[in-house]
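# Descriptive structure summary
Below are the chains, spelled out letter by letter.
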Amino acid sequence: MNPLSSSSICSIVIISILVSNSVLLCIGGKTSIYVRKAEKSVEMPLHSDVFQAPSGYNAPQQVHITQGDHIGKAVIVSWVTQDEPRSNTVVYWSENSKEKKKAMGKVYTYKFYNYTSGYIHHCTIRNLEYDTKYYYVVGDRNSMRKFWFTTPPEVGPDVPYTFGIMGDLGQTYASNLTLTHYEKNPLNGQAVLFVGDLSYADNHPNHDNVRWDTWARFVERSVAYQPWIWTAGNHEIDFAPEIGETKPFKPYTHRYHVPYRASQSTAPFWYSIKRASTYIIVLSSYSAYGKYTPQNQWLEQELPKVNRSETPWLIVLMHSPWYNSYSYHYMEGETMRVMYEPWFVEHKVDIVLSGHVHAYERSERISNVAYNIVNGICSPVKDQSAPIYITIGDGGNIEGLANNMTEPQPEYSAYREASFGHAIFDIKNRTHAHYSWHRNHDGYAVEADSMWFFNRFWNPVDESSR
Ligand SMILES: [Fe+2]
């Protein structure tokens, strides 16, 4: 005899459906069980070895390079001399030819409140051969310094290339650990996609610009040898009307030149480059981006130019994330998302990299473009034409970790963890790229989060494991 009546069976079925549905509704992605020991983020003191200037009269310091044109055949070499403006040439030669060539740069200085910069040199070396190691020398007869870099392979759809990804680096002991982990990562990043917030000089009284100098000396050990692709963050704004500094981005634009004109941009805050099999679009969260603004017009014209048969991988960098389930900077990226997300979905952007939030998060492929203010459809939905959003503002800056998350973890959030670290985007061919995030507290080769990216144009298969 069945002890359960048909009505009670019915109730049990209904209850179990409700329970299972509620579980389904609540399941987000993974919040890492790894909880980093709470430590204060302390800036390295000015006398730290990583900040020491090279010896010698007028010795070039703060040497850094970035891509110098749209296609990867030019490099901008930048450095600072403290004693005099002389030393504005770069002598360079390829490993193969040994024939020495010379390029002339320009010298800039700026004042910021009671700080006067050294002589900032920017020199673009053009017409380089692809996939070639070059040596270069900066400085004059008093004190010369020699470095080297390797140009990317010719732009093409199946060219493997490995990017490092860092953001919100600053100059604390944790920042030093992040950079060291990136340098020692056996995956060997060939260029860095930097998602903004460099020195955090503005956290000091009067935005002490000496901290811009120390930061540039600190990262020279990497960025003198491989290009870092720059994005402007809020700590680059340096807007300080209380001390008479009313022009935003003054230190950043004097110190970090980017090839924005090569992509028909009218300002250094938004631009694009092609590198190997990638098309990289850099946007500015802190420049006007609404309808009719220069950035908006530029992006609208830029996206249709991307030829996925030439550069299959479409990567966007911006500082402020659009999808962020931490309680810090919550929805700061929302207005830009409303403006640009439909374009990203239409043009099948592969990956959007952001910083700003001092933690790590990776999203599912989702979009939230249906909302029109009256229909109430305001939740992100799975969308295989949408990018994966990665927040990687976890370089280790002075402001410390963001460890306060919204609960429950939203469904769109695939993985999140409040740790410092860096990531590697390792492109294999037009269809596959391996992505990995490496927290500082592990060994150099440990992947705390990883996934295979399937290219949205050539191989738009669902990568999610759920
Ligand atoms: Fe930021």
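Preceding block: the structure.
Fair warning: this is a prediction, and the values are worked out from it, not measured in the lab.

Rules and cut-offs
- Residues numbered from 1 in each chain as written.
- Predicted model: local features only at pLDDT ≥ 70, side-chain atom pairs only at ≥ 80, totals over all residues.
- Heavy atoms only, no water.
- Helix = DSSP H or I, 4+ residues; strand = E, 2+ residues; numbered from the N terminus.
- Rg over C-alpha atoms; globule rule 2.2 N^0.38 Å.
- Contact = heavy atoms within 4.5 Å.
- Lys, Arg positive; Asp, Glu negative; His and termini not counted.
- Charge placed at Lys NZ, Arg CZ, Asp CG, Glu CD.
- Donors = N, O, S within 2.8 Å, 3.2 Å for Na, K, Ca; no water.
- Tetrahedral: all angles 85-135°; square planar, octahedral: opposite > 155°, others 65-115°.
- Buried < 20%, exposed > 50% of the residue type's maximum accessible area, 1.4 Å probe, protein only.
- Phe/Tyr/Trp six-rings, centres within 6.5 Å; stacked < 30°, edge-to-face > 60°.
- Lys NZ or Arg CZ within 6 Å of the ring centre and 35° of its normal.
- Pairing = 2+ DSSP bridges.
- Axes fitted to C-alpha atoms, helices over the stretch in contact; angles between N-to-C directions.
- Core = buried A, V, L, I, M, F, W, Y, C linked by side-chain atoms within 4.5 Å.
- Polar contact = N/O pair within 3.5 Å; in protein donor to acceptor, adjacent residues only side chain to side chain.
- Parallel < 35°, antiparallel > 145°, perpendicular 65-115°, else oblique.
- Nonpolar A, V, L, I, M, F, W, Y, C, P; charged D, E, K, R; others polar.

Along the protein chain, the regular secondary structure elements total six helices and 26 strands. Taken against the 2.2 N^0.38 rule, which gives 23 Å for 466 residues, the C-alpha radius of gyration of the protein chain at 24 Å falls within 12% of a compact globule. With respect to the principal axes defined by its C-alpha atoms, the protein chain has extents near 100 × 50 × 45 Å. Expressed as a percentage of contacts within the protein chain between residues at least 6 apart in sequence, the contacts between residues at least 24 apart total 71%. Considering the protein chain, the positive charge centre built from 41 side chains and the negative charge centre built from 46 side chains are found 6 Å apart.

This part covers the coordination of the iron ion. Listed as protein donors to the iron ion are Asp-197 (OD), Asn-234 (OD1), His-319 (NE2) and His-356 (ND1); their distances from the metal cover 2.1 to 2.2 Å. Each of the four donor atoms bound to the iron ion contributes to angles spanning 88 to 170°, and the resulting shape is irregular. As a motif over one chain, the donors of the iron ion read D-x36-N-x84-H-x36-H. One end of the pair, Asn-234, is in the loop between strand S14 (228–229) and helix H4 (250–255); the other, His-319, is in the loop between strand S17 (313–317) and helix H6 (334–346), and 85 residues separate them in sequence. Among the residues examined, Asn-234 registers a relative accessible area of 22% and is labelled partly exposed. For His-319, a relative accessible area of 0% gives the class buried.

A few words on the packing of aromatic side chains. What the rule picks out here adds up to 34 aromatic pairs. By way of ring pairs, the aromatic residues Tyr-92, Trp-93, Tyr-134, Tyr-135, Tyr-136, Phe-147, Trp-148, Phe-149 and Tyr-225 are connected into one cluster. When the ring centre of Tyr-135 is taken as origin, the NZ or CZ atom of Lys-146, which lies over that ring, is 4.9 Å away.

A word on the sheet that holds strand S9 (residues 119–125). One open sheet accounts for four strands, arranged S2-S3-S9-S6; its pairing is antiparallel. With partners counted over all chains shown, the strands left at the sheet margins are strand S2 (61–67) and strand S6 (106–108), one partner each. Taking each pair of neighbouring strands and ignoring which way they run, the sheet shows an average axis angle of 20°. As judged from the three bridges shared by S6 and S9, these two strands associate in the antiparallel manner. The residue of S9 that forms the bridge with Tyr-108 is Ile-120.

By size, the foremost hydrophobic cluster in this structure holds 83 residues, and its most contacted members are Trp-228, Trp-230, Leu-283, Phe-344 and Phe-425. No other element matches helix H3 (residues 210–223), which puts six residues into this core. Those residues in contact with Phe-344, other than ones at most four positions away along the chain, are Leu-283, Leu-299, Val-316, Met-318, Trp-322, Val-349, Val-352, Ser-385, Pro-387 and Tyr-389. The next biggest cluster of nonpolar side chains, apart from the first, holds 17 residues, and it includes Ile-65, Val-90, Tyr-92 and Ala-224.

Our next topic: the pairing of strand S22 (residues 388–392). Here S22 lies mainly inside the structure; five of its five residues are buried. Neither face of S22 is open: one carries Ile-388, Ile-390 and Ile-392, the other Tyr-389 and Thr-391, and all of them are buried. Summarising the sheet, strand S18 (residues 351–354) and S22 pair through four bridges and their orientation is parallel. Counterpart to Leu-353 in the pairing with S22 is Ile-390.

Once that is clear, we can look at the sheet that holds strand S16 (residues 278–282). The strand order across the open sheet built from eight strands is S1-S23-S19-S22-S18-S17-S16-S15, with neighbouring strands paired in mixed fashion. On the outer flanks of this sheet lie strand S1 (30–31) and strand S15 (271–275), each paired with one strand and no other. Of the strands in this sheet, S15 and S16 touch helix H5 (residues 294–302), which is tilted by about 165° from S16.

Next up on the list: the environment of Thr-214. Relative to the helices and strands, Thr-214 resides in helix H3. On a C-alpha basis, the gap between Thr-214 and Ser-48 in space is 9.5 Å, while along the polypeptide they are 166 residues apart. Not counting residues up to four positions away in its chain, the partners in contact with Thr-214 are Leu-46, Phe-51 and Gln-171. Side-chain polar atoms of Thr-214 contact the backbone oxygen of Arg-211, separated by 3.2 Å.

Quick look at the packing of H5 against H6 now. Closest axis-to-axis distance for the H5/H6 pair is 11 Å, and the angle between their directions is 10°. One way to sum up the angle between H5 and H6 is to call them roughly parallel. For the pair formed by H5 and H6, the contact residues are Gln-295, Asn-296, Leu-299 and Glu-300 on the first element and Met-336, Met-339, Tyr-340, Trp-343 and Phe-344 on the second. Partitioning the contact of H5 with H6 into residue classes produces six nonpolar, two polar and one charged.

With omega at -5°, the peptide bond leading from Glu-407 into Pro-408 counts as cis. Positionally, Pro-408 belongs in the loop between S22 and strand S23 (413–417). One non-glycine residue, Asp-197, adopts positive backbone phi at about 70°. Within the secondary structure, Asp-197 sits in the loop between strand S13 (191–194) and H3.

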